[in-house]
Amino acid sequence: MRSLLAAFVVAGLVASGAAACSRSDETRVGAEAPVAAGPVGASRQTAAEADATLATLRRLPGTDDVYAMTYSGDYDDLAGVPTPPSPSPFGCSLFYATGDAARPVYGRNFDWDPNPALVLHTDPPDGHASVSIVDISYLGLPRGVDPLADAAARRNLLDAPLLPFDGMNAEGLVVGLAADDSARAEAVPGRPTVGSVRILRLMLDRASTVDEALAVLDRYNLDFDGGPPLHYLLADASGASAVVEFVDGHKVVTRGATALTNFRVAGADAGDVDRRYATIQAALAATGGVLDWRRSMDVLRSVVQSHTRWSVTYEPRGGAVHLVARQRWETVHEFSVR
C-alpha cells in the first residue's frame, strides 16, 4: 500500500427541530441515542504520529463547522468498541444505479439524530484506501463539542476508522447499512464476534468485490445488541450488488438487489409498505438505472426525511464521492478515494 494519508472533514450536521431517526416522516422518536464514553484505543500510531495528526486539525476558511485533518499512521480495525444502545432505528435509504456500466452510482441517505459527523479518508498499510462517513457522537463527541477547542474530544477522533456508517474503497467496493427491525443473527460457534457497524470497516479494508465482502462476513458473527438490528447493501465496480439480511437467525443474501430502506427485501415486497423504497424503485425503472451523481442526488432528495443527516453518492469506477450535509442541496462537497 502507499503511505497512509487520511483527510478528515468534520461537519456538525445539526438540523433545526430534527428528532431521532424513524422509519418514516410520520413516525418519529424524540429520544436521543447515548454515546460512547470515549476512545477505545484503535490508533496504532506512534506518539509522534498521533500528535502530528491532531496538529493538522483546522477549520476550513469561510465555514463555522467544517474541519480538515490529515491522519498519519495505522489503526487496529478489530479494537474493541461496544455497540452504543439506540432507542430507534436508522431510517436510511440506499440504492445502486447500474444502467450505465461505465459509471454506476451508489446513493445513500443517512437519517438519524443531528449529531456531528466526519468524512474520513484512510489508507492503512495492510488494507485498501477508503472514504467513509462516521457519526462521531459514537466516539464521545456529541453536539456542541468543538474538536478544535477540546483536546480530549479531539483525541477521540483517532478511533474514527472503527465506525463507518457507509463508505467506498479504492477497489470500488461500496457498503452501507439500514435498520431492519426483524433481523436476528445467531452466533456460529468458533467465529469471533464484531459489532454490526464495525463489519463495514472490515469489508472496506479487506475486500475488493461483493463476493470478497460476503466472504469477510462469513468469518464473523455480528452483534446487534445495544442497537437496532441491521441489513446491508453491498456493491462493486463490476456492477454487482447484494443485500445481506438476517432472517430467523440466518444470513440471507439477495444478489442483484439494488435498493434498501427499512423493510426486509428477502421474501417480501417492500414497495407495498414503504414509500421511500417504492420511489427509488420507480426512479431506477424510469431511467433504466442510468443516473449520474447529480440525478442520483435528485433521487435521494425525493426520499429525504426531516432528520436526514447526509446524502452521499459514491462512484465505484471513478472513485468520486459527492456529499450534501444537513439537506443544504446547494452545497456539494466533493472527495475522491483515489
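See above for the structure.
So, here's what we can say about the structure. (Residues numbered from 1 in each chain as written. Predicted model: local features only at pLDDT ≥ 70, side-chain atom pairs only at ≥ 80, totals over all residues. Heavy atoms only, no water.)

### Some points on the overall build of the protein
Per the secondary structure count, the protein includes six helices and 20 strands. When each of the 338 residues of the protein is scored for burial, the buried share is 57%. Sequence-distant contacts in the protein: of pairs separated by 6 or more residues, those separated by 24 or more amount to 70%. Summing over all exposed atoms, the protein offers an accessible surface of approximately 12600 Å²; the carbon and sulfur share of this is 51%. (Helix = DSSP H or I, 4+ residues; strand = E, 2+ residues; numbered from the N terminus. Buried < 20%, exposed > 50% of the residue type's maximum accessible area, 1.4 Å probe, protein only. Contact = heavy atoms within 4.5 Å. Areas by Shrake-Rupley, 256 points an atom, 1.4 Å probe, with all protein chains shown as cover.)

### Details of helix 6 (residues 293-302)
Those residues of helix 6 lying buried are Trp293, Ser296, Met297, Val299 and Leu300. End-on, the buried residues of helix 6 take up no more than an arc of 155°, which puts them together on one face. Summarising the geometry of helix 6, the exposed residues directed more than 90 degrees from the buried face are Arg294 and Asp298. Where helix 6 is buried, its residues contact strand 6 (93-97), strand 7 (105-111), helix 5 (275-287), strand 18 (308-314) and strand 19 (320-325). Of the residues flanking the start of helix 6, the one acting as N-cap is Asp292, its side-chain oxygen 3.2 Å from the backbone nitrogen of Arg294. (Arc of directions from axis to C-beta. Polar contact = N/O pair within 3.5 Å; in protein donor to acceptor, adjacent residues only side chain to side chain.)

### Description of the nonpolar core
Of all hydrophobic cores here, the largest spans 84 residues; its most connected members are Ile199, Met203, Tyr232 and Leu234. Every residue in contact with Met203, bar those within four places of it in the chain, is listed here: Asn169, Leu173, Val175, Ala213, Val216, Leu217 and Leu234. In this structure, Ala50, Leu54, Tyr75 and Leu158 belong to the second largest nonpolar core, which totals five residues. (Core = buried A, V, L, I, M, F, W, Y, C linked by side-chain atoms within 4.5 Å.)

### Details of the packing of helix 3 (residues 198-206) against helix 4 (residues 210-217)
Axis separation between helix 3 and helix 4 bottoms out at 9 Å; the angle between their running directions is 135°. With respect to their mutual orientation, helix 3 and helix 4 come out oblique. Crossing handedness for the pair helix 3 and helix 4: right-handed. Packed against helix 3, whose contacting residues are Ile199, Leu202, Met203 and Arg206, the element helix 4 presents Glu212, Ala213, Val216 and Leu217 at the interface. Here the contact of helix 3 with helix 4 is composed, by residue class, of six nonpolar, no polar and two charged. (Axes fitted to C-alpha atoms, helices over the stretch in contact; angles between N-to-C directions. Parallel < 35°, antiparallel > 145°, perpendicular 65-115°, else oblique. Left-handed = near helix turned anticlockwise from the far one by under 90°. Nonpolar A, V, L, I, M, F, W, Y, C, P; charged D, E, K, R; others polar.)

### Considering the sheet that holds strand 20 (residues 333-336)
Spatial strand order, 17-6-7-18-19-20: six strands in an open sheet with antiparallel pairing. The open sheet has two edge strands, strand 17 (259-260) and strand 20, and neither has a second partner. Relative to strand 18, strand 7 runs antiparallel, the two being bridged by six bridges. Among the inter-strand pairings, Tyr106 is bridged to a residue of strand 18, identified as Tyr314. Contacts from helix 5 reach strand 6, strand 7 and strand 17 within the one sheet, and its direction differs from that of strand 6 by about 15°. Taken strand by strand, helix 6 contacts strand 6, strand 7, strand 18 and strand 19, and its axis lies near 150° from that of strand 18. (Pairing = 2+ DSSP bridges.)

### Examining the environment of Asn221
Within the secondary structure, Asn221 is located in strand 13 (residues 221-223). On the basis of relative accessibility, which here comes to 6%, the residue Asn221 falls in the buried class. Linking Asn221 and Glu186, residues 35 residues apart in sequence, is a C-alpha distance of 7.6 Å. When neighbours within four sequence positions are excluded, Asn221 is seen to be in contact with Glu186, Ala187, Val188, Arg191, Pro192, Thr193 and Val194. A distance of 2.7 Å separates a polar atom in the side chain of Asn221 from the backbone nitrogen of Val188.

### As for the packing of aromatic side chains
Summed over the entire model, instances satisfying the criterion amount to six aromatic pairs. A ring pair is formed by Phe110 and Trp310, whose centres lie 4.3 Å apart and whose planes are at 20°; its orientation type is stacked. Of the two residues, Phe110 is situated in strand 7 and Trp310 in strand 18; the sequence distance between them amounts to 200 residues. Judged on exposure class, the residue Phe110 and its partner Trp310 are both buried. Ring-pair connections join several aromatic residues into one group, and the members of that group are Phe110, Tyr138, Phe165 and Trp310. (Phe/Tyr/Trp six-rings, centres within 6.5 Å; stacked < 30°, edge-to-face > 60°.)

### A closer look at the pattern of salt bridges
As enumerated under the stated definition, the model contains nine salt bridges in all. Note that Asp205 is salt-bridged to Arg201, the shortest N-O span being 3.0 Å. In this pair, Asp205 and Arg201 are both assigned in helix 3, four residues apart and thus about one turn of the helix distant. Like Asp205, the residue Arg201 is buried in the burial classification. The salt bridge involving Arg255 is made with Asp211; its shortest N-O contact spans 2.8 Å. (Salt bridge = Lys/Arg side-chain N within 4 Å of Asp/Glu carboxyl O.)

### Some thoughts on the packing of helix 5 against helix 6
The axes of two packed helices give the description: the angle between them and the distance between them. At their nearest, the axes of helix 5 and helix 6 sit 9 Å apart, and the two run at 155° to each other. Judged by the angle between their axes, helix 5 and helix 6 are roughly antiparallel. Along this stretch, helix 5 crosses helix 6, giving a crossing that reads as right-handed. Along the contact surface, helix 5 presents Arg275, Thr279, Ile280, Ala283 and Thr287, while helix 6 presents Arg295, Val299 and Ser302. Of the residues belonging to the contact of helix 5 with helix 6, the class tally is three nonpolar, three polar and two charged.

Just geometry here; none of it tells us what the structure is for.
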